[in-house]
Amino acid sequence: MLEDLTLKLDKALKKITGQGRISEQNIADSLREIRRVLLDADVNYKVAKQFIEDVKSRALGKEVLASVTPGQLITKIIYDELALLMGGRNAELSFNPSGITVILLVGLQGSGKTTFSAKLAKYLALKKRNVLLTAADVYRPAAVDQLKTLGSQIGVPVFSAEESKDAIKISADSIAYARENGFNTVIIDTAGRLHVDENLMDEIKAIKEKVKPTEILFVVDSMTGQDAVNSAKAFHDSVDFDGVVLTKLDGDTRGGCALSIKAVVNEPIKFVSMGEKPDSIELFHPERMAARILGKGDVVSLVEKAQQQIDSREAEDLEKKLLENKFDFDDFLKQIKMLKKMGSLKSLLGMIPGLGTKLKDSDIDDKQMIKVESIIQSMTIKERQNPKILNGSRRKRIARGSGNSIQDVNRLIKQFAEMQKMIKMFNSKSGKKMMNNYKNLRIN
Amino acid sequence: MGFLNNINFKRLKEGLTKTRKKIFDNISEAVSGKAVLDETVLDEIEEILISGDIGLETSTKIIETTRNQLKNINDRTYENIISNLKLVMKNILLSSSNPDISNISKDKIAKYAPYVILVVGVNGAGKTTTIGKLANKFKLDGYSVLIGSADTFRAAANEQLDIWAKRANVQVIKRNPGADPSSVAYETLSYAKTNKIDIVIIDTAGRLHTKQNLMQELEKIKKVIKKVVIHAPNETLLVVDGNTGQNAIIQAREFTKFIEITGLVVTKLDGSAKGGVIFQICSELNIPVNFICVGETMEDLQSFIPELYVNALFN
Ligand SMILES: Nc1nc2c(ncn2[C@@H]2O[C@H](COP(=O)(O)OP(=O)(O)OP(=O)(O)O)[C@@H](O)[C@H]2O)c(=O)[nH]1
Ligand SMILES: [Mg+2]
């Protein structure tokens, strides 16, 4: 019955004991795990390495709250840094205050430029801008038709020149056309191109020279792997784009390329595109992306919650008592209250990775906690501080007073005695080994 | 077969070596001048493999296997390390027992005609372009080819396929946008049967593997075409963008749950991406790579030959 509470306490104890600061040793495993997570999420090898190094050196020596492990704390720090790095300045689109705002979309083949240009057009049209779409992909078969179809679906005119293969001229002409016809925004959809294709890279540079875009957006498939750094960097070197658009985020990709790209070009991610319909466009949320890359949103929120709610003083006291083997029923009660402050036990335990699913059918309810609490509260101060004096008649009184059975009271006292023993041993040299036994211990 | 004899080694090599930072140049760097296999070398190899999208887990396996093989061998020269590594990598790519359609015999096609190839993949992977190239290849091999345009969703999908079909000089069966893709596939096969077509290739709309309803649509296409041609599809090719990272493995896993994938086509290998995800797809899902694409023209379709791929990466 108390198994789950014990488990919780097990965690708490582990956290409290002897790991006051972040050190190389106590986060080594966590860092290895985070490295794996980042690489599996397609964060570039070098970027991942550098990122972890940076965060580690900043985190070393940091105080660890009593309620979390150093590993959890470093995860939280990594998460914060990820969000910070991917967020930051200038995520808004800029507009040309006096003339025509020209937005040029560039990127590799199949990254989603055409679909996104329609989405952006619709998004800006809804913001009362007068938008013209320009079909400057003269290479891919039927690319112009595709944009025209999309344009008519969303009610935005499309400028194209059927017979022309000159993307530079088409782009320039579309600006003139916009000027003559009262459009204040032009979105130019260009052909997908590989960064290693010199001719096509020259073409995109020429388009840039000609139309002097207000914004150049690099559109990238969020499923892109390690090479994202190379293509992003090459495009940035060529046209110095102002922002990034992540597409196809409606899949299950972890999207580590977002971090890689941000790290190598340091331009903001401005939009995410997450579906095939013209309205599936969203502004970029760095926190969401950080959680997505780590795949550990739950640990992060657990740590956050703990940080908010736990009175660290109280925790420090507790830690001291644990170390001095003075942990008594009063402290136990405090511990329970702390846990309660952090939300219902079930939701709390559910947030711990790996536990969440297992918990689904096992029946922990907060009633169990209330029961324990009520038993302790029915003890006198003396009894709480010195459980040894709890004889038969005292136990009967407590049972009656708390509305529980005598068996419940006996069980709790027994468990508590074992726990004390455990703490004592844990503080001793063989502590580490004991910890493992403790993990396997089941109290029913 | 004609196509096999016709592999444009030069183009493949060009495609794969355009990049300044070639994987295996780096490997050579890492191991050259070092006679003993030390941990730093292996670490550097790990970096190189992972940077090629081979993935942490698979890279670790490759390195472990190579290390074990080298344990009992005194010759730890640069050449020997590389050739062992190559061998390990090649063996992974050869491990699939599935037959390779790039190498298909005339007899086999004659036996089944119409021989039906279904092409699937996520959005923008390169399905339609690959189909244009495939149609061209089979046509040049002397077969009659018909394409079915079962992408009734994406804007101008028909128009795009039309242009490719014209280039390859083959016919397309298509319906209006929004039509039921299975019925287009059905009509394509009926037409192929009546007109004694050798090979039918069916294009499908790009779909993310996370969209249950779209994945079920594939199941339906398969069910419906079986009503016309019982053995259809003979092949289902999954087209994977060579730029894709670890998600490609999930794509392959998920598509497999709904429709049996018989081979991979890896596109866009003319850039600097390496397409290293194929190692895990081959070993975990037993799906061979049938073709790679190294550009946007008709000639840029290459039969996949593991040895050639691994060697081209090394040079
Ligand atoms: N450089 C290069 N580009 C390619 C290759 N294969 C396809 N492409 C380009 O990638 C883009 C997308 O190709 P499509 O064939 O339209 O892809 P798809 O999978 O049919 O796309 P949807 O039907 O929209 O899902 C086009 O611009 C193609 O020209 C390749 O091997 N190399
Ligand atoms: Mg297509």
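Participant: Sorry, what's going on with the overall build of chain A here?
Facilitator: Of regular secondary structure, chain A possesses 21 helices and eight strands. The buried share of chain A, taken over its 444 residues, is 45%. Expressed as a percentage of contacts within chain A between residues at least 6 apart in sequence, the contacts between residues at least 24 apart total 77%.

Participant: Would you explain the sheet that holds strand E7 (residues 289-293) of chain B in this entry?
Facilitator: Within a sheet, neighbouring strands are paired by backbone hydrogen bonds and run either parallel or antiparallel to one another. Residues and elements named next belong to chain B. The strand order E3-E2-E4-E1-E5-E6-E7-E8 describes an open sheet built from eight strands, whose pairing is mixed. Each edge of the open sheet is held by one strand with a lone partner, namely strand E3 (171-173) and strand E8 (301-303). For this sheet, the mean angle separating the axes of adjacent strands, direction not counted, is 25°. Judged from the three bridges that link them, strand E6 (residues 263-267) and E7 form a sheet pairing that is parallel.

Participant: Sorry, what's going on with the sheet that holds strand E3 (residues 158-159) of chain A here?
Facilitator: Residues and elements named next belong to chain A. Strand order in the open sheet formed by eight strands is E3-E2-E4-E1-E5-E6-E7-E8, and the pairing between neighbours is mixed. The sheet is open, and its two borders are formed by E3 and strand E8 (281-283), each paired with just one other strand. Sheet analysis places strand E1 (residues 101-107) next to strand E5 (residues 215-221), joined by five bridges and oriented parallel. Residue pairing across strands places Gly107 opposite Val219, the latter belonging to E5. In the packing of helix H7 (residues 167-180) onto the sheet, contacts are made with E1, strand E2 (131-136), E3 and strand E4 (185-190), and the angle to E2 comes to roughly 165°. Sheet contacts for helix H8 (residues 198-211): E1, E2, E4 and E5; angle to E1, the most-contacted strand, approximately 175°.

Participant: Even after reading the chapter, I still don't get the site of ligand 1, so can you show me in this structure?
Facilitator: If you check the shell around ligand 1, you find 25 residues, and the closest are Gln109 of chain A together with Gly126, Thr128, Gly206 and Cys293 of chain B. More than one chain reaches ligand 1: its neighbouring residues belong to chains A and B. Residue contributions to the shell around ligand 1 peak at three residues, all from helix H8 (residues 127-140) of chain B. Split into classes, the residues belonging to the shell around ligand 1 amount to five nonpolar, twelve polar and eight charged.

Participant: Whenever I open this one, helix H5 (residues 56-71) of chain B confuses me. Can you help?
Facilitator: Helical periodicity: at 3.6 residues per turn, an α-helix aligns residues three or four positions apart in one direction. Residue and element names in this part refer to chain B. Counted at 1.5 Å a residue, the expected span for H5 with its 16 residues is 22 Å, and the 22 Å between its end C-alpha atoms agrees. Residues of H5 that are buried include every one of Thr58, Ser59, Ile62 and Thr66, and no others. All buried residues of H5 lie within an arc of 105° about the axis, which places them on one face of the element. For H5, the exposed residues lying more than 90 degrees away from the buried face are Glu64, Asn68 and Lys71.

Participant: Explanation requested: the interface of chain A and chain B in the structure shown.
Facilitator: Interface size, as often reported, equals the accessible area lost upon joining of the parts. Opposite the 32 residues of chain A that make contact, chain B presents 33 residues. Listed by contribution, the elements that provide at least two residues to the side of chain A that touches chain B are helix H2 (24-40) and helix H6 (143-154) of chain A. In terms of residues, the side of chain A that touches chain B owes the most to one element, H6 of chain A, which gives four residues. Looking at the side of chain A that touches chain B residue by residue, the class counts come to ten nonpolar, 13 polar and nine charged.

Participant: Can you walk me through the nonpolar core in this structure?
Facilitator: Note on soluble globular proteins: their nonpolar side chains tend to be buried together. Counting 172 residues, the largest nonpolar core has Leu133 and Val220 of chain A together with Ala135, Val200 and Ile201 of chain B as the members making the most contacts within it. Tallying contributions element by element places helix H4 (residues 70-86) of chain A first for this core, with seven residues. When residues are assigned to domains, this core turns out to be shared by domain 2 (21-62 + 68-87 + 286-295) and domain 3 (101-283) of chain A, each giving three or more. Ignoring anything within four residues of it in the chain, the contact list for Val220 of chain A reads Gly107, Ser111, Ala228, Ala232, Val244, Val245, Leu246, Thr247, Cys257 and Ile261 of chain A. In this structure, Phe332, Val372, Ile413 and Phe416 of chain A belong to the second largest nonpolar core, which totals 14 residues.

Participant: What should I look at first to understand the domain arrangement of chain A in this one?
Facilitator: All names here are of chain A. Along its sequence, chain A is organised into domain 1 (3-19 + 310-440), domain 2 (21-62 + 68-87 + 286-295) and domain 3 (101-283). A C-alpha centroid distance of 32 Å is found between domain 2 and domain 3. Listed by partner, the interface residues are 14 residues for domain 2 and 14 residues for domain 3. Among the secondary structure elements, those contributing two or more residues to the side of domain 2 that touches domain 3 are helix H3 (45-59), H4 and helix H11 (286-294). Tallied by class, residues from the side of domain 2 that touches domain 3 come to ten nonpolar, two polar and two charged.

Participant: Looking at this model, I keep getting lost on the environment of Lys119 of chain A. Mind explaining?
Facilitator: Residue and element names in this part refer to chain A. Take Lys119: it is sitting in helix H5 (residues 113-126). Each C-alpha atom, one on Lys119 and one on Ser273, is 8.3 Å from the other, the two residues being 154 residues apart in sequence. Excluding residues that lie within four positions of it along the chain, Lys119 makes contacts with Ser273, Pro278, Ser280 and Ile281.

Participant: Any chance you could explain the pairing of E1 of chain A here in plain terms?
Facilitator: Along a regular strand, successive side chains alternate from one face of the sheet to the other. Residue and element names in this part refer to chain A. Taken across its seven residues, E1 has seven buried, putting it largely inside the fold. As paired strands, E1 and E4 are joined by five bridges and run parallel to one another. Note that in E4 the partner of Leu105 across the bridge is Asp189.

Participant: Sorry if this is basic, but what is going on with the environment of Leu150 of chain A here?
Facilitator: With respect to the element layout, Leu150 of chain A can be found in helix H6. Separated by 181 residues in the primary sequence, Leu150 of chain A and Asp331 of chain A have C-alpha atoms spaced 66 Å apart. Residues contacting Leu150 of chain A, with those up to four places away along its chain left out, are Ala118 and Pro278 of chain A together with Ala155 of chain B.

Participant: Help me understand the pairing of strand E5 (residues 235-241) of chain B in this model?
Facilitator: Residues and elements named next belong to chain B. Across the seven residues of E5, seven count as buried, placing the element largely inside the fold. Side chains Glu235, Leu237, Val239 and Asp241 of E5 all project onto a buried face; the interleaved residues Thr236, Leu238 and Val240 project onto the opposite face, where all are buried too. Both strand E1 (residues 115-121) and E5 contribute to a ladder of five bridges, which runs parallel. By the bridge assignment, Val120 is partnered in E5 with Leu238. Since E5 and E6 lie parallel, the crossover through helix H12 (residues 247-258) that links them has a hand, and here it is right-handed.

Participant: Whenever I open this one, the packing of H4 of chain A against helix H10 (residues 257-265) of chain A confuses me. Can you help?
Facilitator: A packed helix pair is summarised by two numbers, namely the angle formed by the two axes and the spacing between the axes. Residues and elements named next belong to chain A. One way to put it is that H4 packs onto H10 with a least axis distance of 9 Å and a crossing angle of 60°. One way to sum up the angle between H4 and H10 is to call them oblique. Once H4 is placed against H10, the crossing between them reads as left-handed. Contact with H4, carried on its side by Leu82, Leu85 and Met86, involves Ala258, Leu259 and Lys262 of H10 and no other residues of that element.

What counts as what
- Residues numbered from 1 in each chain as written.
- Chains lettered and ligands numbered in written order.
- Predicted model: local features only at pLDDT ≥ 70, side-chain atom pairs only at ≥ 80, totals over all residues.
- Helix = DSSP H or I, 4+ residues; strand = E, 2+ residues; numbered from the N terminus.
- Buried ≥ 20, exposed ≤ 12 C-beta atoms within 10 Å, placed from the backbone.
- Contact = placed C-beta atoms within 7 Å.
- Pairing = 2+ DSSP bridges.
- Axes fitted to C-alpha atoms, helices over the stretch in contact; angles between N-to-C directions.
- Near = placed C-beta within 6 Å.
- Nonpolar A, V, L, I, M, F, W, Y, C, P; charged D, E, K, R; others polar.
- Expected span 1.5 Å × (residues − 1).
- Arc of directions from axis to C-beta.
- Core = buried A, V, L, I, M, F, W, Y, C linked by C-beta atoms within 7 Å.
- Domains from an automatic or database assignment.
- Right-handed = clockwise from strand over helix to strand, strands pointing away.
- Parallel < 35°, antiparallel > 145°, perpendicular 65-115°, else oblique.
- Left-handed = near helix turned anticlockwise from the far one by under 90°.

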